[in-house]
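Chain by chain, the residues:
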Amino acid sequence: MEPLRPSDHHDTEAPEPRSTTIAQPRLDAVGWLRFFWRQLTSMRTALLLLLLLAVAAIPGSLVPQRSADPNGVVQYERNNPELFAVLDTLQVFDTYSSVWFSSIYLLLFVSLIGCVIPRTQHHWRALRAAPPATPARLNRLVGYTERHAAGEVAAALEAGERVLRRQGFRVARYGDSISAERGYLRETGNLVFHFALLGVLLTVGVAGGFGYNGQRVIVQGQSFTNQLTSFDSFSPGRFFDETRLDPFSIRLDDFVPVYDLDTTTGFPIALDFTASVTVVENGVERTEDIKVNEPIDIAGTTTYLLGNGFAPWITVYDSEGTAIFSQPVPFLPQDSNLTSLGVVKVPDGLDEQLGMIGFFYPSAVPLESGALTSVFPQPDQPVLTLNAFVGDLKLNEGVPRSVYSLKTDELTQITGGDTGVESLVLGLGDAVELPDGLGSVEFTSLPRFVSLEVHHDPTQVGVLISVVLAFLGLLTSLFVPRRRLWIAAETTGDGVRLQYAGLARGDDPRLERAVAELADSHEATLRDASSERTVASTQLSASRS
Amino acid sequence: MENMVALSLVAVYSAMGVYTISFILFTFDLAKRSAAEPTSAAVVEVTSARQAGGISTAVRATTTADSPPTGATRYQRAAFALALLGWVLHVGATVLRGVAAGRVPWVNMFEFGLTATAIGMGVFLVAQVWKDLRFLGAYITGMTVLALGIVTVNFYVDVIPLPPALQSVWLVIHVFVASLATGFFAIGAGLSIMQLLSARRAAHKAEGLRFLDTLPGATTLESLAYRVNVVGFVFWTFTLIAGAIWAERAWGRYWGWDTKEVWTFIIWTLFAAYIHARATRGWRGERSAWLAIVGFSAVIFNYTIVNLFFTGLHSYSGLL
């Protein structure tokens, strides 16, 4: 953009080239560089980059993104393996960190810097300069108005200056005319807006590297300590350092969900989720509640309640009745009635390694087919069904395995499916025997779990300040009118002839009215002054007589 | 409470009926303007300008092509009165729904559609104080009737309490300002459409649509559209910021490229481009008008297609 124009100045049409055979100057390397820089920082390029950015953002909303929905990406790969390979090469599953998306916004910001810096210099000079000289022919400008007044030119101009200053104009006198300008805040706001956007980008780019977030499932009664090894999943920023994790711990004391039943649809309506926790920070204990829209702040981190479910306490006894496995196992909710899927792995203590996969139904009701379903998310009729497998669970190969999945390919199924043995079905407190005298399984108790996210985001304050500045800058740059007004005065036979006109600097639909109002209030001031003079002289002559 | 919900629906249907009649009358008005001799309008203009101009005051002559619309026809006055009546019913329906639910009436797609159209219509009606935009009446009432029809027939859900994710003061602020922005963008797009038609007629590409001669010229329409759209843009920017603050509280991050966030960003970028286009050689006029229309279409797309067919965290349509 031309730096000497305000941002929203209406570019005039380029003059027609006089001759088509005009000789172009030969450009050397620097000349070409300057040419490309001019092109990049032109308003037209900025506009095209903005449009390109809008279009480039679309693919990320059409296919799942690794950052927001990693499971969706896996699902996509499974459903469309060929298309997936193509799209993945094009980084469509990481649209917003892809090379092409990043290039567009980085180019846009380079263009922005190239545009804003010269404008800042120009604005800085304009802020300290007097309004420019009055044009020779005011009648060719916007809102041109003429008035007549009694009195003298000097007095009229003085009054005009007062009126203009009162309206917030910066005023300069050129001969028998006044040049006035106001609304510098418009350009200031515009520059603040653009610098603030740069502020957002820099804050996210730099401070974002120091952030981290980690997820952790905690069962009622258990606690977790804020250290790297205790997270189920953890994503650090680029400059993250493990020693930066503040030591604190969170224990889940209780979790209370409140549900209502939509009688027309039969679906549950969640009303409230409250996790009561005990936080230990620097040896000091305190209790807090975490809700969905009410995370808690601990030592520069924020802890959010992301999800919840049931973690049936499962006890496995060997054939002699000794408990060889006894712990709560979080089952992952599959629907709004909390039908949940879970996996139990018992590597030690039995003759063979035991793996069980099954469903938990908080309010179990048998369907006509005989299968169970849950009709409400509260544990009104809790039932656990398990299929048991024996064989090598392959937990000792050093390859990390998800605790929520069981690879059954190389295992031998011993209950459910085609085995001819019924699946294990347990009510709360029930125990059932495993086949072949392997041992027994007990559904001991029913604690709940919550999944928490601990988040440290050092960009928040910087980004918030930047966007607030951007918003204020936007308001002033759009709604503060920047305009120049002129008053020119000349002596006529019976007084002063006054000319008024204005010039918009940027979008200014009220300019004509502003000129008229200036003329009106100037006239009114002059009339008052002259009537005062008349009164004064009348009084004077009265006192003489 | 059941009664209030039912009453609210009755009010919605009544509002739709009244709006429909208003739409028909607004259309008659446009037809009548097409039939009328356009010269009479210009004459009135000149006379009033003479009356306004004093002897000692020389007013710079304004071009007649850009003169403001002339006085309302009988059809237009009746249509506008009905639009106002329809709006009272419409607001009544919205308020009743809110009272029945015991919370703000913009929690699912039906309620959001109900409220957003009420706000859009409100912006249209109140805008008359600022400028006579009644020539947009057919466009606004037509769209409102369509939108109300679609949300009541296809998106209707019963009153259910607020899910935990929505229990926040930001629900009130974020969604309300988003509706406000939508209202302004709707009017801006209407003005841009008129601008395009008008420019096309001026270039003799469109021989019909003679009512355009009674409207302000393309340049004035463009300037009006710009002023309405920048207000929409400011509200949209606020919506985006407020949404980010809420997302930080509810989802643990202020920006995560959720589908709805993506589209809010796309719309913001489109209107940012629109504002820049107005200052770019070759982009003022028709091209910037198209940007405004595309921007508003994206708003509609964001509300309908993104809500219904895209997966994301903003899944509050209430439809299963």
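Residues numbered from 1 in each chain as written. Chains lettered and ligands numbered in written order. Predicted model: local features only at pLDDT ≥ 70, side-chain atom pairs only at ≥ 80, totals over all residues. Heavy atoms only, no water.

Draft legend 1. Fine view of the overall build of chain B. Each helix and strand counted, chain B has 9 helices and 0 strands in total. Evaluated residue by residue, chain B yields a buried proportion of 57% over its 320 residues. A separation threshold of at least 6 residues defines the contact pool for chain B, and within that pool the share at least 24 residues apart is 82%. (Helix = DSSP H or I, 4+ residues; strand = E, 2+ residues; numbered from the N terminus. Buried < 20%, exposed > 50% of the residue type's maximum accessible area, 1.4 Å probe, protein only. Contact = heavy atoms within 4.5 Å.)

Draft legend 2. Structural detail: the overall build of chain A. Within chain A, the regular secondary structure consists of 10 helices and 26 strands. At 38 Å, chain A has a C-alpha radius of gyration far larger than the 24 Å of a compact globule built from 545 residues. The principal-axis extents of the C-alpha atoms in chain A amount to approximately 130 × 75 × 50 Å. When burial is assessed residue by residue, chain A has 45% of its 545 residues classed as buried. Relative to all contacts within chain A whose residues are 6 or more apart in sequence, the contacts with residues 24 or more apart total 63%. Summed over all atoms, the accessible surface of chain A reaches about 28300 Å², with 56% contributed by carbon and sulfur. (Rg over C-alpha atoms; globule rule 2.2 N^0.38 Å. Areas by Shrake-Rupley, 256 points an atom, 1.4 Å probe, with all protein chains shown as cover.)

Draft legend 3. Highlighting the interface of chain B and chain A. Facing 55 residues of chain B, the contacting portion of chain A comprises 65 residues. In this assembly, chain B packs against chain A so that about 5100 Å² is buried in total across both faces, 66% of it on carbon and sulfur atoms. Taken together, the connections running from chain B to chain A amount to 1 salt bridge. Of the charged contacts, one joins R278(B) and D507(A) as a salt bridge, the two residues approaching to 2.7 Å between their closest N and O atoms. On inspection of chain B and its partner chain A, the count reaches 12 residue pairs in polar contact (both at pLDDT 80 or more). Mapped onto the side of chain B that touches chain A, the elements with two or more residues apiece are α7 (218-251) and α8 (259-277) of chain B. It is α7(B) that contributes the most residues to the side of chain B that touches chain A, 14 residues altogether. Residues belonging to the side of chain B that touches chain A are distributed by class as follows: 35 nonpolar, 11 polar and 9 charged. (Buried area = accessible area lost by both parts, 1.4 Å probe. Salt bridge = Lys/Arg side-chain N within 4 Å of Asp/Glu carboxyl O. Polar contact = N/O pair within 3.5 Å; in protein donor to acceptor, adjacent residues only side chain to side chain. Nonpolar A, V, L, I, M, F, W, Y, C, P; charged D, E, K, R; others polar.)

Draft legend 4. Quick peek at the domain arrangement of chain A. Entries for chain A in the domain assignment read domain 1 (29-123), domain 2 (130-183 + 482-544), domain 3 (207-308 + 452-470) and domain 4 (313-449). The C-alpha centroid of domain 4 of chain A is placed 48 Å from the C-alpha centroid of domain 1 of chain A. (Domains from an automatic or database assignment.)

Draft legend 5. View of the environment of F234(A). Residues and elements named next belong to chain A. Its location among the elements puts F234 in strand β6 (residues 233-236). F234 sits in the partly exposed class, given a relative accessible area of 22%. Among residues more than four places away in sequence, those in contact with F234 are Y212, N213, G214, L228, F240 and L245.

Draft legend 6. Main features of the UniProt feature "transmembrane region" (unreviewed entry) in chain A. Residues and elements named next belong to chain A. Under the feature "transmembrane region" (unreviewed entry), the UniProt entry names residues 45-63, 99-118, 191-212 and 461-480. As annotated, residues 99-118 has a helix share of 100% and a strand share of 0%, and its two end C-alpha atoms lie 29 Å apart. Helix and strand shares over residues 191-212 are 73% and 5% respectively, and the end C-alpha atoms of the span are 33 Å apart. (UniProt positions renumbered as here; feature names shortened; annotations may be inferred.)

Draft legend 7. Main features of the sheet that holds strand β24 (residues 448-456) of chain A. Residue and element names in this part refer to chain A. Read across the open sheet, the 5 strands follow the order β6-β4-β24-β11-β10; overall the sheet is antiparallel. Either end of the sheet is taken by a strand with one partner, and the two such strands are β6 and β10 (296-298). Ignoring strand direction, the axes of neighbouring strands in this sheet form an average angle of 25°. Bridge count between strand β4 (residues 212-219) and β6: 4 bridges; the pairing is antiparallel. Its bridge partner lying in β6, N213 is registered against S235. (Pairing = 2+ DSSP bridges. Axes fitted to C-alpha atoms, helices over the stretch in contact; angles between N-to-C directions.)

Draft legend 8. View of the sheet that holds strand β23 (residues 439-445) of chain A. Residues and elements named next belong to chain A. With antiparallel pairing, 4 strands are arranged side by side in an open sheet as β13-β12-β23-β22. On the outer flanks of this sheet lie β13 (323-328) and β22 (431-433), each paired with one strand and no other. Between one strand axis and the next, the sheet turns by 15° as a mean value, whatever way the strands run. As paired strands, strand β12 (residues 313-318) and β13 are joined by 5 bridges and run antiparallel to one another. Following the sheet pairing, W313 is matched in β13 by P328.

Draft legend 9. The arrangement of unusual backbone geometry in detail. Residues and elements named next belong to chain A. The residue N282 is not glycine, and still its phi comes out positive at about 55°. At A299, a position not held by glycine, the phi torsion is positive, near 45°. As for its placement among the helices and strands, A299 is situated in the loop between β10 and β11 (301-310).

Draft legend 10. Focus on the environment of T188(A). Residues and elements named next belong to chain A. With respect to the helices, strands and loops of the structure, T188 is situated in helix α8 (residues 184-206). Each C-alpha atom of the pair T188 and L474 lies 10.0 Å from the other, and the pair is 286 residues apart in sequence. Here Y184 takes part through its backbone oxygen, which lies 3.0 Å from a polar atom of the side chain of T188.

Draft legend 11. Here's a closer look at the pattern of salt bridges. Residues and elements named next belong to chain A. One pass over the full model with this rule turns up 26 salt bridges over all chains. A salt bridge links D94 to R66, with the nearest nitrogen and oxygen atoms 2.8 Å apart. Here the residue D94 occupies a position in the loop between α5 (81-89) and α6 (99-128), and R66 occupies one in the loop between α3 (59-62) and α4 (70-79), the gap between them amounting to 28 residues. Between R497 and E146 there is a salt bridge, with its nearest N and O atoms 3.2 Å apart. Linking R497 in strand β26 (residues 495-504) with E146 in strand β1 (residues 142-149), this pair joins segments that are 351 residues apart in sequence.

Draft legend 12. Expanded view of helix α5 (residues 137-154) of chain B. The end-to-end C-alpha distance of α5(B), which contains 18 residues, comes to 25 Å, matching closely the 26 Å that a straight helix rising 1.5 Å per residue would cover. Among all positions in α5(B), only G137(B), A138(B), Y139(B), I140(B), T141(B), G142(B), T144(B), V145(B), L148(B), G149(B), V151(B) and T152(B) are buried. (Expected span 1.5 Å × (residues − 1).)

Draft legend 13. Representation of the packing of aromatic side chains. Here the structure, examined in full by the defined rule, presents 37 aromatic pairs over all chains. One aromatic cluster is present, formed by Y96(A), F101(A), Y105(A), W255(B), W257(B) and F265(B) through successive ring pairs. It is R134(B) that lies over the ring of F80(B); its NZ or CZ is 5.9 Å from the centre. Between the NZ or CZ atom of R278(B) and the centre of the ring of Y226(B), over which it lies, the distance is 4.2 Å. (Phe/Tyr/Trp six-rings, centres within 6.5 Å; stacked < 30°, edge-to-face > 60°. Lys NZ or Arg CZ within 6 Å of the ring centre and 35° of its normal.)

Draft legend 14. Structural detail: the nonpolar core. Grouped together as the largest cluster of nonpolar side chains are 108 residues, with contacts concentrated most on L136(B), L171(B), I187(B) and L191(B). In terms of residue count, the dominant contributor to this core is α7(B) (15 residues). Sequence-distant contacts of L136(B), that is, excluding residues within four places in its chain, are made with F124(B), I187(B), G190(B), L191(B) and M194(B). Among the nonpolar cores identified, the runner-up in size contains 50 residues, and V329(A), L354(A), A388(A) and V441(A) belong to it. (Core = buried A, V, L, I, M, F, W, Y, C linked by side-chain atoms within 4.5 Å.)

Draft legend 15. View of the side chain of T41(A). Position of T41(A) among the secondary structure elements: in the loop between α1 (29-40) and α2 (43-57). Here W37(A) takes part through its backbone oxygen, which lies 2.8 Å from a polar atom of the side chain of T41(A).

Draft legend 16. Quick look at the packing of α6(A) against α8(A). Residues and elements named next belong to chain A. Viewed as axis vectors pointing N to C, α6 and α8 meet at an angle of 145°, and their least axial separation amounts to 10 Å. In this structure, the crossing between α6 and α8 has a hand that is left-handed. For the pair formed by α6 and α8, the contact residues are Y105, L106, F109, L112, I113, V116, R119, T120, H123, A126 and L127 on the first element and Y184, E187, T188, N190, L191, H194, F195, L197, L198 and L201 on the second. Residues of the contact of α6 with α8, tallied by class, amount to 14 nonpolar, 5 polar and 2 charged. (Left-handed = near helix turned anticlockwise from the far one by under 90°.)

Draft legend 17. Spatial organisation of the environment of W283(B). As for its placement among the helices and strands, W283(B) is situated in the loop between α8 and α9 (286-309). Along the primary structure W283(B) and A186(B) are separated by 97 residues, whereas in three dimensions their C-alpha atoms are 21 Å apart. Non-local contacts of W283(B), meaning those with residues more than four positions away in its chain, are made with R44(A), L47(A), L48(A), L51(A), A277(B), S288(B) and L291(B).

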